[in-house]
Amino acid sequence: MAYETIIVAIEDHVATITLNRPDALNALSQKLLKELAQAMEEADASDKVRCIVLTGSEKAFAAGADITEMADQSFVDIYTSAFFEPETTRFNRTRKPIIAAVSGYALGGGCELAMMCDFIIASDTAKFGQPEINLGVIAGIGGTQRLTRFVGKSKAMDMNLTGRMMDAEEAERSGLVSRVVPANKLLQEAKDAASKIAEKSLLASMAAKDAVNRSYETTLAEGLNYERRMFQALFATEDQKEGMAAFREKREANFRDR
Ligand code: HXC
């Protein structure tokens, strides 16, 4: 499907979705949010896709909600905005793994979008922030909640109250991003990670994602119980037999998602 504000490319079982509003540093407009939700849904449903990479430009992953579009909105406009439609946060529910490849600014809704992905690989130029306080509002799609779980209360308060930016080095040190790479290697690094994931059994990838996410939603005892049941359930799959047979036979596993 043709999109105006994003670009979607599928190669070797990896869907790369690129935010593409260069004139506005990939600010998240209603149209972009709708197109992104649609692309995520298509990628999740496609047999050709086993992992998703979400990225922006070198200068900006996304500089936040489109302030021009938002500035004069009424309560009703914002209440009914695409930001809060289940489809927008749908990629919380996308079962295939999603990697955010972040270069440049990831601010406000841009930072929140990156945090909705399963993990973040950052370029050494990345800058994260929740500057909504400068606009007389606060974060609206996870900047006070997900960020706090990533980096702890003190840093989350600092970011949300001062509106300052966090550079890539601080973001890695704080646990917001999983790795930092030079800007010119970012996309390749993210695609390589995605290709690696795409080689695994999709059943196991989806189960791993589901179980890690469960740790945010439940107690340790319940989470461990969930993990144990998922582990045991995977013994009902052909991929478990294949994975372990391949190890014993010293060969590559050929997973078939069964
Ligand atoms: C609309 C934006 C934009 C945004 C940048 N632009 N950010 N347009 N919404 N969020 C536009 C600028 O107006 C400008 O357009 C062009 O992109 C280039 O931006 P500059 O400001 O000229 O670039 P630079 O000087 O390099 O500064 C980069 C920047 C700055 C530091 C990222 O643009 C900035 O502070 N942007 C706003 C960041 C922000 O406050 N984000 C939070 C938004 S609220 P023109 O036409 O002038 O060239 C939010 C809420 C989320 O995200 C919750 C939703 C529910």
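Above this text sits the structure in question.
From a predicted model like this one, the values you see are computed outputs, not experimental measurements. (Residues numbered from 1 in each chain as written. Predicted model: local features only at pLDDT ≥ 70, side-chain atom pairs only at ≥ 80, totals over all residues. Heavy atoms only, no water.)

A.B. asks: If you had to explain the packing of aromatic side chains to someone new, which residues and values would you point to?
C.D. replies: Applying the stated criterion across every chain yields a total of three aromatic pairs. Measuring from ring centre to ring centre gives 5.2 Å for Phe-75 and Tyr-79, while their planes differ by 35°; the resulting arrangement is tilted. Placement of both Phe-75 and Tyr-79 in helix 3 (residues 75–79) is noted, with a separation of four residues, approximately one turn of the helix. Accessibility classification places Phe-75 together with Tyr-79 in one group, the exposed group. Lying across the ring of Tyr-226, Arg-214 places its NZ or CZ 3.9 Å from the centre. (Phe/Tyr/Trp six-rings, centres within 6.5 Å; stacked < 30°, edge-to-face > 60°. Helix = DSSP H or I, 4+ residues; strand = E, 2+ residues; numbered from the N terminus. Buried < 20%, exposed > 50% of the residue type's maximum accessible area, 1.4 Å probe, protein only. Lys NZ or Arg CZ within 6 Å of the ring centre and 35° of its normal.)

A.B. asks: I'd like to hear about the pattern of salt bridges, residue by residue, with values.
C.D. replies: Considering all chains together, one arrives at 13 salt bridges under this definition. Of the charged contacts in the structure, one is a salt bridge between Glu-170 and Lys-155, with a shortest N-O distance of 2.6 Å. On the criterion of sequence distance, the pair formed by Glu-170 in helix 7 (residues 168–173) and Lys-155 in helix 6 (residues 153–162) is long-range, its members being 15 residues apart. Look at Glu-170 and you get buried, because its relative accessible area is 10%. In this structure, the salt-bridge partner of Glu-249 is Arg-251, at a minimum N-O distance of 2.7 Å. For Arg-251, a relative accessible area of 36% gives the class partly exposed. Taken together, the salt bridges that share partners define one network made up of Lys-155, Asp-158, Arg-164 and Glu-170. (Salt bridge = Lys/Arg side-chain N within 4 Å of Asp/Glu carboxyl O.)

A.B. asks: Before we move on, can you summarise helix 8 (residues 186–198) with the specific residues and values?
C.D. replies: Over its 13 residues, helix 8 extends 18 Å from the first C-alpha to the last, a length consistent with the 18 Å expected when each residue adds 1.5 Å. Looking at helix 8, one finds that the buried residues are Leu-186, Ala-190, Ala-193, Ala-194, Ile-197 and Ala-198. One face of helix 8 carries all of its buried residues, which in axial projection span an arc of 140°. Looking at the buried residues of helix 8, the elements they touch are strand 2 (14–19), strand 3 (51–55), strand 5 (98–102), strand 7 (119–123), strand 10 (179–181) and helix 9 (202–217). (Expected span 1.5 Å × (residues − 1). Arc of directions from axis to C-beta. Contact = heavy atoms within 4.5 Å.)

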